[in-house]
Amino acid sequence: VVLPVAAADERKRPAPARNITGYEGARRRVLVADDKPYNRLVLRDILEPLGFEVSAAGDGQQALDRAREAHPDVILMDLVMPVKTGFVATQELRQRPEFTELVIIAISASVLEADREKSLMAGCDAFLPKPVHVDELLDALASHLTLNWIYAEPEAGAEGAAPLVLPSPEVLAALPLDVLSSLEQAAAQGNVRMVDQAIEAIRPHNTAVANALAVLAKEFKYQEIWKMIQKARHVSV
């Protein structure tokens with residue numbers, strides 16, 4: 001059915017998103033407490049480029065020790081860890097006068113409301129589910145640390161496209177060895193189909209890394225991908 005146009009609704013395009021490049025004021029210290037090296041590396045790769053000083057702990061007891069040593073402004077606390085859980089570590093920190101004002105953000109793969117409530121009762125200031133979304137993490141940090149973000153102005157004609165952030169060697173090294181080797185071989189051969197398949201095999205492990213590699217693959221920058229993997233092989237996770 002062909003109908004005449006009654007009125008043209010000309011909607012304005014949304015303004016291009018501005019990218020966060022840092023924050024105003026003194027450098028803030030973040031302690032990432034998680035028993036999985038990969039999770040610690042991902043959070044470090046998000047926060048360090050923004051100017052945060054990041055330290056790490058692999059269990060609840062280490063979190064307590066690092067907190068006493070580094071006096072962080074905020075702890076990103078995994079709730080399920082060996083030696084001492086995040087619940088116990090948080091409770092012990094709250095019992096110390098010097099940590100009563102410390103910001104503790106719980107991070108957990110659990111989506112149960114009971115676990116969220118339990119973390120808040122233990123003394124956490126906020127709760128973020130895994131996998132952690134960058135926007136939610138930055139919103140929580142801005143809210144609890146009273147941060148004013150610094151934004152990069154979008155380039156003219158960029159249509160709001162964000163600059164490509166390449167994964168660090170540490171993040172690539174944290175991927176399963178067989179997955180990384182498949183991509184290395186495919187990139188060395190310049191096999192388009194194999195490269196695409198290898199990148200899709202990375203996606204379940206790290207969507208952000210897969211997206212970044214897909215951009216390089218689309219531009220046939222296989223040598224750059226191969227060199228990145230070579231650097232990753234010299235990193236011990």
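Rules behind the numbers
Residues numbered from 1 in each chain as written. Predicted model: local features only at pLDDT ≥ 70, side-chain atom pairs only at ≥ 80, totals over all residues. Heavy atoms only, no water. Salt bridge = Lys/Arg side-chain N within 4 Å of Asp/Glu carboxyl O. Helix = DSSP H or I, 4+ residues; strand = E, 2+ residues; numbered from the N terminus. Buried < 20%, exposed > 50% of the residue type's maximum accessible area, 1.4 Å probe, protein only. Patch = residues over 30% accessible without salt bridge, like charges linked within 9 Å, V, L, I, M, F, W, Y side chains within 5 Å. Areas by Shrake-Rupley, 256 points an atom, 1.4 Å probe, with all protein chains shown as cover. pLDDT = per-residue confidence, 0-100. Contact = heavy atoms within 4.5 Å. Pairing = 2+ DSSP bridges. Axes fitted to C-alpha atoms, helices over the stretch in contact; angles between N-to-C directions.

## Side note on the pattern of salt bridges
Alright, step 1. Per the counting criterion, the structure on display carries 10 salt bridges.
Alright, step 2. The shortest N-O distance in the salt bridge between Glu92 and Lys84 comes to 3.0 Å.
Alright, step 3. Asp125 is the salt-bridge partner of Arg94, the closest N and O atoms lying 2.9 Å from each other. With a gap of 31 residues between them, Arg94 in helix 3 (residues 86–94) and Asp125 in the loop between helix 4 (113–122) and strand 6 (126–129) connect regions that are remote in the sequence.
Alright, step 4. Arg94 gets classed as buried once you look at its relative accessible area, which sits at 19%.

## Topic: a nonpolar patch on the surface
Alright, step 1. A cluster of nonpolar side chains, Leu164, Leu166 and Val215, forms an exposed patch at the surface whose accessible area comes to about 210 Å².
Alright, step 2. Checked against the element boundaries, Leu166 lands in the loop between strand 7 (149–152) and helix 6 (169–173).

## Quick notes on the confidence of the model for the protein
Alright, step 1. Mean pLDDT over the protein works out to 85, with 86% of the residues at or above the 70 mark.
Alright, step 2. Below pLDDT 50 for its whole length, residues 7–18 participates in 9 contacts with residues either more than four positions away or in separate chains.

## What to know about the sheet that holds strand 5 (residues 103–108)
Alright, step 1. With parallel pairing, 5 strands are arranged side by side in an open sheet as 3-2-4-5-6. In the strand order of this sheet, the two ends are held by strand 3 (53–57) and strand 6, each with one partner. For this sheet, the mean inter-axis angle between neighbouring strands, taken without regard to orientation, is 20 degrees.
Alright, step 2. Of the pairings in the sheet, the one linking strand 2 (residues 29–33) to strand 4 (residues 74–78) comprises 4 bridges and is parallel in character. Paired with Val30 across the two strands is Val74, which belongs to strand 4.

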